Amino acid sequence: MSAQPTTTSEQQRPGDPGPGSPDGLKAGLKNRHLSMIAIGGVIGAGLFVGSSAGIAKAGPAILISYALVGLMVVLVMRMLGEMAAADPTSGSFSAYADRALGRWAGFSIGWLYWFFWVVVLAVEATAGAVILEGWVPSVPQWAWALIVMVVLTATNLVSVASYGEFEFWFAGIKVVAIAAFIVIGGLAVFGILPGSDNPGAGLDHLTDHGGFLPNGPGAILTGVLLVVFSFMGSEIVTLAAGESEDPQRAVSKATNSVIWRIAVFYLGSIFVVITLLPWDSKQIADKGSYVASLDSIGIPHAGQVMNVIVLTAVLSCLNSGLYTASRMAFSLGQRGDAPAAFARTNSRGVPQAAILGSVVFGFVAVWFNYQWKDTVFDFLLNSSGAIALFVWLVICFTQLRMRGIILRENPDKLVVRMWLFPYLTWLTIAMISFVLVYMLTDDAGREQVLLSALVAALVVAFALVRDKMSPSHQVKGTESKTKESVAP
């Protein structure tokens, strides 16, 4: 798929871009939408609510944990940006894996990624419902979860532009909030914020409570396990780029800016937290890192201020999660790997069936959360927990193959290049593999890796059997060999 509407004809190979059609996706996302989606994509609710656990485990060294994961994300995004700039498509890495590694790979990683996001829908809907119930307790939590899901489903069904507009404002609030936190907190750190209740210890808190590594070097890796999943979502911009006015420019810009986005929003804000308060402060453990930091400065109603920001982050994640899951389902439908209805769009260029199909599973997951939280829903969470790392691994292996394909077929489209190819690609594979292996030494991480691997193995096995038994398997194999034999 390109920025132009597409459809799948009988003559084209599944997954290849087709000619323009009024029944295809429409380029409804503006450059400002893509810019904010790119910036906001790295700021998940996990940054606000999950960072305190990492600080408690690693102390000030959590900065190294965030930097290591941030480096992985930068490298993965560079690889993905190289492929997406050359061929923007709603299937992104799934479509590229289909082409570079085989249909089984595109099928498997596409469905696993879809599964990850429909589970995220349930998690975020519940998180948002908890906050809203606290404000309006007369409405039960399950009703708030339902309302949030229905409203955001409706915005996605209207048009891709409505998704982009909602995400523009959601992401805008997150960006402004974190930028303000860094500026105000930074002034308070050095005692130059007028009226601040914080004594301003400068950089002393980085070393004054047991040193920079109070729990030893191994705690850095433990911190990595706790923060790695808060980075998931960076890749959304490459899926959305296919519905933008200038996808190649949007992908290039997002890829080139990912370094400063991670440095500012993650490292910058966490740096402020651990310099405002000692890492082992009871306030951080009880209230959460950001609320405790705002309280230490003397910001009135800090808890409610953060609730508003976290709710915005939750709604943003829900909005993008539904969009991402539906576009992946749409791409799978285009390639014949999902029901054909998923590949159809209405007159507004919206894949209605793909959206509704995704949200139905989201609703079911929400129901599981309320009915069998400690059994069925826990299984869903753990069996999707390591999928983010699997996706990053597939992106790495796909890029190793796609570089040659792009150079052979469209070398002029290689406008974004992976640095030091292929050495940094292999280094990234090693880093991700190490994290997965290290997760096996952690009780919670072990369950996530093993259950996620089990689900992945089942999906891959199904894909291989399905591909082998497909009536078109032999034909496609023959076509591929013919093309190879006539290639120069």
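Refer to the preceding data block for the structure.
All of the points below concern the structure found in this document. Just so you know, these numbers come straight off a predicted model, no measurement behind them.

## Comments concerning the environment of F231
Thinking step 1. Structurally, F231 is set in the loop between α8 (218-227) and α9 (236-240).
Thinking step 2. For F231, a relative accessible area of 0% corresponds to the buried category.
Thinking step 3. When the C-alpha atoms of F231 and I262 are compared, they prove to be 9.0 Å apart, with 31 residues separating the residues in sequence.
Thinking step 4. Excluding anything up to four places from it in sequence, F231 contacts Y66, V69, G70, V73, I262, Y266 and W392.

## Some words on the pattern of salt bridges
Once their charged atoms are close, side chains differing in charge can pair, the charge on each being opposite to the other.
Thinking step 1. Taken as a whole and judged by the stated rule, the model has eleven salt bridges.
Thinking step 2. Put simply, R327 and E243 hold a salt bridge, and the shortest N to O gap is 2.8 Å. Of the two residues, R327 sits in helix α13 (residues 302-334) while E243 sits in the loop between α9 and α10 (247-276), which places them 84 residues apart along the sequence.
Thinking step 3. By relative accessible area, E243 is classed as buried at 0%.
Thinking step 4. Between D337 and R466 there is a salt bridge, with the nearest N and O atoms lying 3.1 Å from each other. Linking D337 in the loop between α13 and α14 (352-371) with R466 in helix α18 (residues 443-469), this pair joins segments that are 129 residues apart in sequence.
Thinking step 5. Residues joined in a network through salt bridges with shared partners are D98, R103, R335, D337 and R466.

## Describing a nonpolar patch on the surface
Thinking step 1. A surface patch of nonpolar side chains, about 530 Å² in accessible area, is lined by V183, I184, L187, F190, I192 and L203.
Thinking step 2. Of the residues examined, L187 reaches a relative accessible area of 31% and is grouped as partly exposed.

Each value, and the rule that gives it
Residue positions are given per chain, counting from 1 as you read along its sequence in written order. Given that the model is predicted, a residue must reach a pLDDT of at least 70 before its local features are reported, and side-chain atom pairs must reach 80 or more before they are shown or counted; all residues, however, enter totals for whole chains, interfaces and linings. Side-chain numbers here rest on the full set of heavy atoms in the structure, without hydrogens or water. Helix numbering and strand numbering both begin at the N terminus, where a helix is a DSSP run of H or I of at least 4 residues and a strand a DSSP run of E of at least 2. We call a residue buried when its accessible area falls under 20% of the maximum for its residue type, exposed when it is over 50%, and partly exposed in between, using a 1.4 Å probe and counting protein chains only. Contacts are residue-level and defined by heavy atoms, with any inter-residue pair within 4.5 Å sufficient. What counts as a salt bridge is simple: a side-chain nitrogen of Lys or Arg found within 4 Å of a carboxyl oxygen of Asp or Glu. Each patch is assembled from residues with relative accessible area greater than 30% and no salt bridge, linking like charges that lie within 9 Å and nonpolar side chains (Val, Leu, Ile, Met, Phe, Trp, Tyr) that lie within 5 Å. Surface accessibility follows the Shrake-Rupley procedure with a 1.4 Å probe radius. Residue values consider only the protein chains on display as shielding.

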